[in-house]
Amino acid sequence: MKWINNLESFPYPFKGSTYRYSNNSIPMKTPLCVEVTPDYIEEMQLKRTLLNHHAERCYQSLPHTITGQWEIVELVIDHLAAQYPDQFSVEKKGSKWTFNNKILEEKQEFTFGGESTFPEEPLAFISRHVQEDLILMMQRDGDLYLDAGQLCFPANWSLAFNLGMKFKCIHHPIPGFKEEGLDDRILQFLMRLEAGNPWERKNWSLMAGDRLDTSLETFDQWGKLRKQVTKENAGELVHIRVEVQKLFRLPRTNGILFTINTHLLSLENLVSNREWLKQFHDILSELPPHITDYKGISLYKNEVLKYLSEKLESGKVV
Amino acid sequence: MYKEKTIPVYVKAIEQENEFIRRFTLASVNEELLPKFSGGAHISTYIEHGELLVRQYSLTSNPDDTKHYQIAVRLSDTSRGGSRYWHEKMKVGDQLQISYPKNHFPLSFKAKHHVFYAAGIGITPFLSMMNELHSRGSSFELYYASKTEEACAFYDFLQEHYPNQYRFYFSNKRERINSSSLEEHPIGTHVYFCGPESFISDLTESAYQLGYPPSAVHTERFTPPQPKDMQPFNVQLKDGTLVEVARDQTLLEALLNKGIKAPYSCRVGRCGTCELQVVEGEIAHYDSFFSEDQKQSQSRILTCVSRSKSAMLVLDV
Ligand code: FES
């Protein structure tokens, strides 16, 4: 998760002039499940605070996921050490591993695959070293289930509520999702995911405010800002929230790792790129009500549109 | 076109299991550990021999010990080059590419008891499945049919490792797997079939007749082929527009070039986004997305990879 001011590194999510729910996944060019950005230290502090104070909300797992959790530890550590050798390293002597996080100056020895090497579960341990939220889905009897996860920055959903739930039930509340047969198709796609060939997709929404932790449990704290949006303050107050989701098949358990990296950019910053302004304006004005409702934009969509139109007008050369 | 990532390996050892079956031990070229795998997993092997020979083989080694992989290859009478190459040309030290492990034949999670029915080389996927169940302490049995004791692959191995869990059926002794054994399994049993097509379909039919729910009956499925040579074809749209799809072009590209707003995302036949309805014409499916039933219904096409068998396809766009 990050607040971005730098447009170049913003994962701009749009193509074309309309938006509908779809499986917009593409094969990943560089197979990396996590990234380390300049905000690493600051974000790890925020994440660890959430994990320590809201353990239930941010971490859940079912007992049969331990092998899958170890696969995640291995994948994440291998990627960190290979991609950021100056910041992370790992030494493996058989099953005795030493993981060194040089940024936080933390060194951890453990027995890979061993029980009770950490005071917490393997997934909980590794999630304290990466900026991404980490979700483990297990494929059981022809379906996918959310069986473990560390989730600090959810976009309006709840981990505790969805634990052990079938993939299709998790998505059930999305209007239009089921009618379009999309849940079946995405499920079918995920079940065909193969090890060694990871995928990524971007998911976007708008939010009033710049809060990363928009869990269901904290709705009372962030929901009300949505009523305060005006065309005057929209540029500053409203943010576009983009989740970059990466999908990896875990070969030992046949489970799937989702890593979610959440980015926030204020509209003000977004529209400083003329092309983006134009495209976003087209997309938002065309968006059908069932999507605006679900994304929670309906309350202030008109204010945002007025803001965007004014920006478009003012940029015109007369 | 979608090209999966591959791992370079070399042949570390070759053993003659019996007259028709050879076992090959594969190790990573840079001596790294290979990815672990789950019970029932297989790999694709890529061999360059005039043309590219791509074949799928189950991994028969231990899923947790991945210093090397082992596969078992039966010389097929109708070999189109794959198993013949493995048997006649492959030498220790030869290099080839393999895919990451994939699993289209996973163990059931909820089964109370697992029963494997194998005929001949169909034993191979069950080796890693039994290994996994054994290490979990779950209960399973193996019913294994072979022509003779000599031709029975992994005969010694099975006797040594799972002495109380197998039953052999040798046809030279007039022993046959009888579908009546399906009646004896306790409630909550899942059955798995692997072997020649007729073996699988006979058992599957019997299992359904006995009232096994489809979710408790598991059979092996393989990856679809890629097009060998691409032929041009035409499509017709609802408004009568004709679009020509050239030999070196996908249907999706042809549509987009015409300014038609066809949906797409991955462009490699795996995400399902580019699906369009087909009203007329015969589709050649090259995707890894639709199920067999969906393909056979001939009503939907993934435009990014699939093509037409007939000269013309009529689309509902
Ligand atoms: S675009 Fe993904 S299947 Fe065709």
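Residues numbered from 1 in each chain as written. Chains lettered and ligands numbered in written order. Predicted model: local features only at pLDDT ≥ 70, side-chain atom pairs only at ≥ 80, totals over all residues. Heavy atoms only, no water.

### Considerations on the overall build of chain A
Reasoning step 1: Looking only at helices and strands, one finds 13 helices and 11 strands in chain A.
Reasoning step 2: Counting only residues that meet the buried cut, chain A has 56% of its 318 residues in that class.
Reasoning step 3: Total accessible area computed for chain A in this model is approximately 13,800 Å², and 51% of it derives from carbon and sulfur atoms. (Helix = DSSP H or I, 4+ residues; strand = E, 2+ residues; numbered from the N terminus. Buried < 20%, exposed > 50% of the residue type's maximum accessible area, 1.4 Å probe, protein only. Areas by Shrake-Rupley, 256 points an atom, 1.4 Å probe, with all protein chains shown as cover.)

### Here's the deal with the confidence of the model for chain B
Reasoning step 1: Here chain B shows a mean pLDDT of 91. Residues at 70 or above account for 96%.
Reasoning step 2: Predicted as a complex, the structure gets a pTM of 0.87 and an ipTM equal to 0.85. (pLDDT = per-residue confidence, 0-100.)

### So, the interface of chain A and chain B
Reasoning step 1: Every contact between the two is made by 29 residues of chain A and, on the other side, 38 residues of chain B.
Reasoning step 2: Of all residues in chain A, Asp 141, Arg 192 and Arg 252 of chain A bury the most surface against chain B, accounting for 27% of the area lost on that side.
Reasoning step 3: Put simply, Glu 74 of chain A and Lys 36 of chain B hold a salt bridge, and the shortest N to O gap is 3.8 Å.
Reasoning step 4: Between the two partners, chain A and chain B, sit 19 residue pairs in polar contact (both at pLDDT 80 or more).
Reasoning step 5: At the level of secondary structure, the elements contributing two or more residues to the side of chain A that touches chain B comprise strand S2 (26-27) and helix H7 (182-191) of chain A.
Reasoning step 6: Looking at the side of chain A that touches chain B, the element that brings in the most residues is H7 of chain A, giving three residues.
Reasoning step 7: Partitioning the side of chain A that touches chain B into residue classes produces 10 nonpolar, 11 polar and eight charged. (Contact = heavy atoms within 4.5 Å. Buried area = accessible area lost by both parts, 1.4 Å probe. Salt bridge = Lys/Arg side-chain N within 4 Å of Asp/Glu carboxyl O. Polar contact = N/O pair within 3.5 Å; in protein donor to acceptor, adjacent residues only side chain to side chain. Nonpolar A, V, L, I, M, F, W, Y, C, P; charged D, E, K, R; others polar.)

### Quick notes on unusual backbone geometry
All names here are of chain B.
Reasoning step 1: Its identity is not glycine, yet Phe 154 carries a phi of approximately 65°, on the positive side.
Reasoning step 2: On the secondary structure map, Phe 154 appears in the loop between strand S8 (140-146) and helix H3 (155-161).
Reasoning step 3: Accessibility expressed as a relative area gives 5% for Phe 154, which makes it buried.
Reasoning step 4: Phi angles above zero are rare outside glycine, and Gln 298 is one such case at about 55°.

### Overview of the state of the cysteines
All names here are of chain A.
Reasoning step 1: Enumeration according to the criterion identifies zero disulfides over all chains in this entry.
Reasoning step 2: The thiol sulfur of Cys 58 is not disulfide-bonded, and the nearest other cysteine sulfur, from Cys 152, lies at 3.9 Å.
Reasoning step 3: Overall, the relative accessible area of 0% leaves Cys 58 in the buried class. (Disulfide = S-S within 2.5 Å.)

### Description of the pattern of salt bridges
Reasoning step 1: Under the counting rule described, the total for this entry stands at 28 salt bridges over all chains.
Reasoning step 2: Glu 106 of chain A is the salt-bridge partner of Arg 48 of chain A, the closest N and O atoms lying 2.8 Å from each other. Of this pair, Arg 48 of chain A sits in helix H1 (residues 40-53) while Glu 106 of chain A sits in strand S6 (residues 106-111), and the two are 58 residues apart along the sequence.
Reasoning step 3: The exposure class of Glu 106 of chain A is partly exposed, given its relative accessible area of 27%.
Reasoning step 4: Notably, a salt bridge pairs Glu 120 of chain A with Arg 128 of chain A, separated by 3.3 Å at the nearest N-O pair.
Reasoning step 5: When its relative accessible area of 27% is taken as the criterion, Glu 120 of chain A is described as partly exposed.
Reasoning step 6: Connected through salt bridges with shared partners, the residues Glu 194 of chain A together with Glu 4, Lys 102 and Arg 270 of chain B form a single ionic network.

### Examining the sheet that holds strand S6 (residues 95-99) of chain B
Residue and element names in this part refer to chain B.
Reasoning step 1: On the basis of which strands lie adjacent, the open sheet formed by six strands has the order S4-S3-S6-S1-S2-S5 and antiparallel pairing. Of all the strands in the sheet, the pair left with one neighbour each is strand S4 (51-58) and strand S5 (69-74). Neighbouring strand axes in the sheet, compared pairwise and without regard to direction, differ in orientation by 40° on average.
Reasoning step 2: Where strand S2 (residues 21-28) and S5 come together, six bridges link them in antiparallel fashion. Its bridge partner being in S5, Arg 23 is matched across the sheet by Ala 72. (Pairing = 2+ DSSP bridges. Axes fitted to C-alpha atoms, helices over the stretch in contact; angles between N-to-C directions.)

### What about the environment of Gly 50 of chain B?
Residues and elements named next belong to chain B.
Reasoning step 1: Considering the arrangement of structural elements, one finds Gly 50 in the loop between strand S3 (42-49) and S4.
Reasoning step 2: The exposure class assigned to Gly 50 is exposed, which follows from its relative accessible area of 85%.
Reasoning step 3: Separated by 188 residues in sequence, Gly 50 and Lys 238 place their C-alpha atoms 43 Å apart.

### Remarks on the sheet that holds strand S4 (residues 88-93) of chain A
Hydrogen bonding along the main chain pairs the strands of a sheet, whether they run parallel or antiparallel.
All names here are of chain A.
Reasoning step 1: Strand order in this open sheet of three strands is S4-S5-S6, and the pairing throughout is antiparallel. Each end of this open sheet is capped by a strand with a single partner; those strands are S4 and S6. Averaged over all adjacent pairs, the angle separating strand axes in this sheet is 15°, with direction ignored.
Reasoning step 2: In this sheet, strand S5 (residues 96-101) lies alongside S4 in antiparallel orientation, the contact comprising six bridges.

### Points about helix H13 (residues 301-315) of chain A
Residue and element names in this part refer to chain A.
Reasoning step 1: For H13, with 15 residues, the first-to-last C-alpha span of 21 Å sits near the 21 Å given by 1.5 Å per residue.
Reasoning step 2: Within H13, the full set of buried residues consists of Lys 301, Val 304, Leu 305, Tyr 307, Leu 308 and Leu 312. The buried residues of H13 occupy one face: seen down the axis, they fall within an arc of 160°. Those residues of H13 that are exposed and aimed more than 90 degrees away from the buried face are Asn 302, Glu 313 and Ser 314.
Reasoning step 3: For H13, the elements touching its buried residues are helix H9 (234-237), strand S10 (238-250), helix H10 (267-270), helix H11 (274-286) and helix H12 (289-294). (Expected span 1.5 Å × (residues − 1). Arc of directions from axis to C-beta.)

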